[in-house]
Amino acid sequence: QVQLVESGGGLVQAGGSLRLSCAASGRTFSTYSMGWFRQAPGKEREFVAAISNMWTGGTTYYGDSVKGRFTISRDNAKNTVYLQMNSLKPEDTAVYYCAAYITLSRMVSGETMRSATSYAYWGQGTQVTVSS
């Protein structure tokens, strides 16, 4: 069982920045591929960013709406994945969820990394609100 705990959400003005953190349990964090998703009220859960595990080179993936503004990174020594969010917009307002995708495969596709159904473990979410 993997437990994920997000932190770092809050209220920020448009154009500002926030950094989300997600701390994971387990001694094999480097083998987890990690993703960030978000869900705004009345909308479907949306892929934000993902980073693959050590076997697949820590490849990063981004949703089109955040590309160039958000950066995902990981610190395997701290069992933590980060989401640096810059140039925030009101439309970025949502609950942000961290998720872990655990597989024995040494290959991963972008489609798999972008699909919420690939992720077996989820955090409780952290609210990000961007005011205009």
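Residues numbered from 1 in each chain as written. Predicted model: local features only at pLDDT ≥ 70, side-chain atom pairs only at ≥ 80, totals over all residues. Heavy atoms only, no water.

Examining the pattern of salt bridges
Our working rule: What makes a salt bridge here is a side-chain nitrogen of Lys or Arg within 4 Å of a carboxyl oxygen of Asp or Glu, nothing more. What counts as a helix is a DSSP run of H or I of at least four residues, what counts as a strand is a run of E of at least two, and both are numbered from the N terminus. A 1.4 Å probe rolled over the protein chains alone gives each residue an accessible area, and that area as a share of the maximum for its type sets the label: buried under 20%, exposed over 50%, partly exposed in between.
Within this structure, the stated rule accounts for four salt bridges. Of the charged contacts in the structure, one is a salt bridge between Arg-38 and Asp-92, with a shortest N-O distance of 2.9 Å. Here Asp-92 lies in the loop between β8 (80-85) and β9 (94-101) and Arg-38 lies in strand β4 (residues 33-39), a separation of 54 residues in the sequence. The pair formed by Arg-38 and Asp-92 is uniform in burial state, with each residue classed as buried. The partner of Lys-67 in a salt bridge is Asp-64, with the nearest N and O atoms 3.4 Å apart. Residue Asp-64 is classed as exposed on the basis of its relative accessible area, which comes to 68%. Each member of the salt-bridge network shares a partner with another, and the members are Arg-38, Glu-46, Arg-69 and Asp-92.

Some details on the sheet that holds strand β1 (residues 4-7)
To keep things clear, this is the line we draw: For two strands to pair, DSSP has to find at least two bridges joining them. Lines fitted to the C-alpha atoms define the axes, with helices restricted to the stretch that makes contact. Angles between their N-to-C directions range from 0 to 180 degrees.
Strand order across the open sheet formed by four strands is β1-β3-β8-β7, with antiparallel pairing between neighbours. Taken across any chain shown, the strands that pair with only one partner, and hence form the sheet edges, are β1 and β7 (70-75). Neighbour to neighbour, the strand axes of the sheet diverge by 15 degrees on average, direction disregarded. Of the pairings in the sheet, the one linking strand β3 (residues 18-24) to β8 comprises six bridges and is antiparallel in character. Within β8, the residue paired with Leu-20 across the bridge is Leu-83.

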